[in-house]
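Descriptive analysis of the structure
So you can see what is in the structure, the chains are spelled out below.
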Amino acid sequence: MTDTVERTGRRLEARDVVYEVDAARLLDRVDLNAGVGELIGLVGPNGAGKTTLLRAIGGLLKTRDGAVLLDGDEVRRMNTGERAKSIAHVAQLAPLAHGFTALEVVMMGRYPHMGRLQSERRVDREVVKRALETTGVGSLAGRTLETLSGGERQGVFVARALAQEPRLLLLDEPTSNLDIRHQAQFFHIVRGLVDGGMTAVAAIHDLSLAARFCDRLTLLDKGVVVAEGAPGDVLTPENIEAAFGVRAVVSSDPASGILNLSIMEPGSDGPGTAAGTRVHLVCGGGTGARLMYRLCEAGFTVTAGPLGSGDTDREAAESLGVEYVPVQAFNGIDDAAHEKHMRLVRDCHVAVLTDVAFGTGNLRSLDALAEAPRVALASLEPITNRDFTGGRATALFERLAPVAAWSEIDSLIAGLPAIVLNSQEIER
Amino acid sequence: MPPSALPAMTPAKHRWGFLFQTRNRPNSRPDRAAGRRVHEFPDSEAPETLGGDPSGNMALALVTRLRPPREAALGTRLAAGAGVLIVLLAAIMLVALSTGPLDIPVTHVVAIIVEPTGIHLADYDRTEELVVKQIRLPRIVVGALVGMALGVAGAAMQALFRNPLADPGTIGVASGGAAAAVVAIATGASTLFFLALPLFALAGAIGTAFLVYAIAIASGRFSIATLILAGVAVSAFMGALISLVIIAVPEQGTLRGILFWLAGGLDSRSWDHVWLSGPLILIGGGVIIAFARDLNLLMMGDDDAGSMGVHVRVMRPVLLTAAALVTGVAVAVSGMIAFVGLIVPHMLRLIFGPDNRVLVPLSALGGAVFVVLADEIARTVISPAELRVGIITSFIGAPFFLFLLLRHNRRVTSL
């Protein structure tokens, strides 16, 4: 589709782009470069300026400052026809097509190549046919857009863009209405075009998709470029938290190398309270797994006490990246493990004791709790019911001075920051 | 047969494949496979041939079945539609020229028309020549011009506003022209000089269009919704002004003149009206036809149109001005002839599809056919008295359009 210019170097170069509406700065000195055969992903939260930047690159906006160069030519200086032959834009909201067939819509992409009152030539029909086939909607040519599914319609609009025979393809959240299969299919098609020499810039909501298909990413927030570079360098938990205000776990699939992102739900009581609070869990036998997950999700920094191999709580700690004290099952807590546990207990702001049962093997973990700055209970069971040490656990338990006790996880998560805050004030 | 647009993808069997609603597409319902806005035939009357329409309405059968295939090249569709409409228009014109209080045989009408070329076909008397040339022909030509103007403007407005309810009056042109005319009649200004009434109406129409456009862009950010709402508001104001004048006018004769004018009519139109309206309507209509391609792209939204190479900021005012101009001229010479601009493009869209390169020129012809036919009915139905043509267009046009709409009820929601 594209005139495969085998040139190294920059095809698109946007420098210091500034766009303002009523004194609100929607783009603030944005830079963006794209080479021949590159797919650049624009990521960022809603309202970050992704759509605005695409429109600015496409010459659809009157920017206040800066320049957008396509192969060295300033886009704003091109006349509309020249621009339409060089840059194609697939908008976020597919327009209502008012009864046009797919073929008719795609043929509209030939507009800049055709003279006024000229009817379509053989070359136009061939380009359109190829475009329809490239995006896999050739068999739908005669159907009106209303009768097509979202994915098929998206294919038609990309085909229309290809019919313009552009050097640069701008895609504004092209897959936001598609299911995961069609999302992947769509990006495979775009990837194919890009590998064939097209340059593309796509605003993409789904960070995993962006990481998987794009050569480089630009992370925007409030009209400013927060980070730019290879997907792995841009999509760090820090950058994601800075731009989106959410905590994310970024891992890379060991087999495929594909980046995996899972977003933690933001805490109900807002950032700043849970974040920075270190909670140490003394648990085991599955009594702490759920609590551990919810604490992480709410933004607490969580550590855990000694956990034997094969323990459900240990698996939970592993998957959540929670630091814990690994011990051999049934072998008791040796001195080294106990030392480590003591350190974690001392470092936390609050230690939480679950319904874990105590035998001689894990008694030392209860002993270590005495070192905690404050202790809270997340338990219903009286200690006597889970004391299998002939009263020694009960005696250790009696020495603790719990500042609070909760039977429900929700109230615990809501209450924890407060008790930490209160006692900090007292200390001062 | 001209090459269909993409033969490999759209296996139309033969040129008249559209007569058969099915396509070579297994496992899908024909209407869905064809994906057309055009009508479906109920199973009971699957059409094998042109004949046998149970409704017995041959005109409708002709209109709905002589539908060129959508995959036919643009030129084919346009030529087919234009051919049918031109023949229809010529036939109706001939009939209209021969009917009236004085019956003139069609042969005489043809003879009178071709006489200036030096060909003598038949003998006719002087009265017949006068009636045809000085009374009926100018009236019919004005009717055709008005119909063209309303059809073209209606199609353009529907595309520009991306709204199926848009018509030539959407931005207040018709009501503005009417208000100016009514005020001119009531104050007697309409008799001040030759062609005063149409000129007042034209000034009112164009003035209102500019007022509405100025209001819409005054907000700083232009939007179609603002334009439509400004048009609605100004139209309401003009409507109130008309009502006020009607109530305030003391004299019966003047009142009758106003009401006559409001219903729209083509009586006693002369060649002067043709010379006044013809050039402006042809220029304005020509501009819209020349930019029909841009109308297609503008229907996709401003950003899409802009990125495909349409100069939106130039194109939209140009097209709006042209549509307002032809509407204003039509209102000036014929009063308010309702409904033409709304339904003619819709009817043709049902048959020929939404492509404005086909739709706009055919709407010009279709509008002409519709108005000339309505005027013929208005002149003859209670002869020797006359009905107003504006009454006929709504009275016959509305039920006919509703009938079409119900037949094609799957596509009511979209343009």
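See above for the structure.
Throughout what follows, the structure given in this document is the object of discussion. (Residues numbered from 1 in each chain as written. Chains lettered and ligands numbered in written order. Predicted model: local features only at pLDDT ≥ 70, side-chain atom pairs only at ≥ 80, totals over all residues. Heavy atoms only, no water.)

**Thoughts on the overall build of chain B**
- The helix and strand tally for chain B stands at 16 helices and zero strands.
- When each of the 415 residues of chain B is scored for burial, the buried share is 54%.
- Partitioning the intrachain contacts of chain B with sequence separation of at least 6 by distance along the chain shows that 73% fall at a separation of at least 24.
- When the accessible surface of chain B is split by element, carbon and sulfur atoms take 71% of a total near 17400 Å². (Helix = DSSP H or I, 4+ residues; strand = E, 2+ residues; numbered from the N terminus. Buried < 20%, exposed > 50% of the residue type's maximum accessible area, 1.4 Å probe, protein only. Contact = heavy atoms within 4.5 Å. Areas by Shrake-Rupley, 256 points an atom, 1.4 Å probe, with all protein chains shown as cover.)

**Observations regarding the packing of aromatic side chains**
- Across all of its chains, the model carries four aromatic pairs over all chains by this definition.
- Relative to Phe 200 of chain B, the ring of Phe 193 of chain B has its centre 6.3 Å away and its plane inclined at 35°; by these criteria the two rings are tilted.
- Owing to a relative accessible area of 45%, Phe 193 of chain B belongs among the partly exposed residues under this scheme.
- Residues Trp 271 of chain B and Trp 275 of chain B carry aromatic rings whose centres are separated by 6.0 Å and whose planes lie at 25° to one another, so their mutual orientation is stacked. Placement of both Trp 271 of chain B and Trp 275 of chain B in helix α10 (residues 271-290) is noted, with a separation of four residues, approximately one turn of the helix.
- One cation-aromatic arrangement involves Arg 293 of chain B over Tyr 111 of chain A; the distance from NZ or CZ to the ring centre is 4.1 Å. (Phe/Tyr/Trp six-rings, centres within 6.5 Å; stacked < 30°, edge-to-face > 60°. Lys NZ or Arg CZ within 6 Å of the ring centre and 35° of its normal.)

**Concerning the side chain of Arg 110 of chain A**
Residues and elements named next belong to chain A.
- Its location among the elements puts Arg 110 in the loop between α3 (102-108) and α4 (122-134).
- Owing to a relative accessible area of 2%, Arg 110 belongs among the buried residues under this scheme.
- Each residue touching Arg 110, except ones within four places of it in the same chain, is listed here: Arg 121, Asp 124, Val 127, Val 128, Ala 163 and Glu 165.

**Examining the sheet that holds strand β4 (residues 65-70) of chain A**
Residue and element names in this part refer to chain A.
- Across the sheet, four strands lie side by side as β2-β1-β4-β5; this open sheet has antiparallel pairing. At either end of the open sheet lies a strand with only one pairing partner, and these are β2 (24-35) and β5 (73-74).
- Bridge analysis of strand β1 (residues 10-21) against β4 gives five bridges, and the strand direction is antiparallel. Residue pairing in the sheet places Arg 15 in a bridge with Ala 67 of β4. (Pairing = 2+ DSSP bridges.)

**Some thoughts on the pairing of strand β3 (residues 39-43) of chain A**
Residue and element names in this part refer to chain A.
- Counting buried residues in β3 gives five out of five residues, a clear majority hidden from the surface.
- The side-chain alternation of β3 yields two buried faces, one formed by Leu 39, Gly 41 and Val 43 and the other by Ile 40 and Leu 42.
- In the sheet, β3 pairs with strand β9 (residues 216-221) via four bridges, with the strands oriented parallel. Each bridged residue has a counterpart across the sheet, and for Gly 41 the counterpart in β9 is Leu 217.

**Remarks on the sheet that holds strand β15 (residues 323-327) of chain A**
Residue and element names in this part refer to chain A.
- Taken in spatial order, the six strands make up an open sheet running β15-β14-β13-β16-β17-β18, and their pairing is parallel. Each end of this open sheet is capped by a strand with a single partner; those strands are β15 and β18 (404-405).
- In the sheet, strand β16 (residues 350-353) pairs with strand β17 (residues 375-377) via three bridges, with the strands oriented parallel. From the neighbouring strand, Val 352 faces β17, where its bridge partner is Ala 376.
- In the packing of helix α11 (residues 312-320) onto the sheet, contacts are made with β14 (301-308) and β15, and the angle to β15 comes to roughly 140°. (Axes fitted to C-alpha atoms, helices over the stretch in contact; angles between N-to-C directions.)

Any functional reading would require information beyond the geometric quantities listed.
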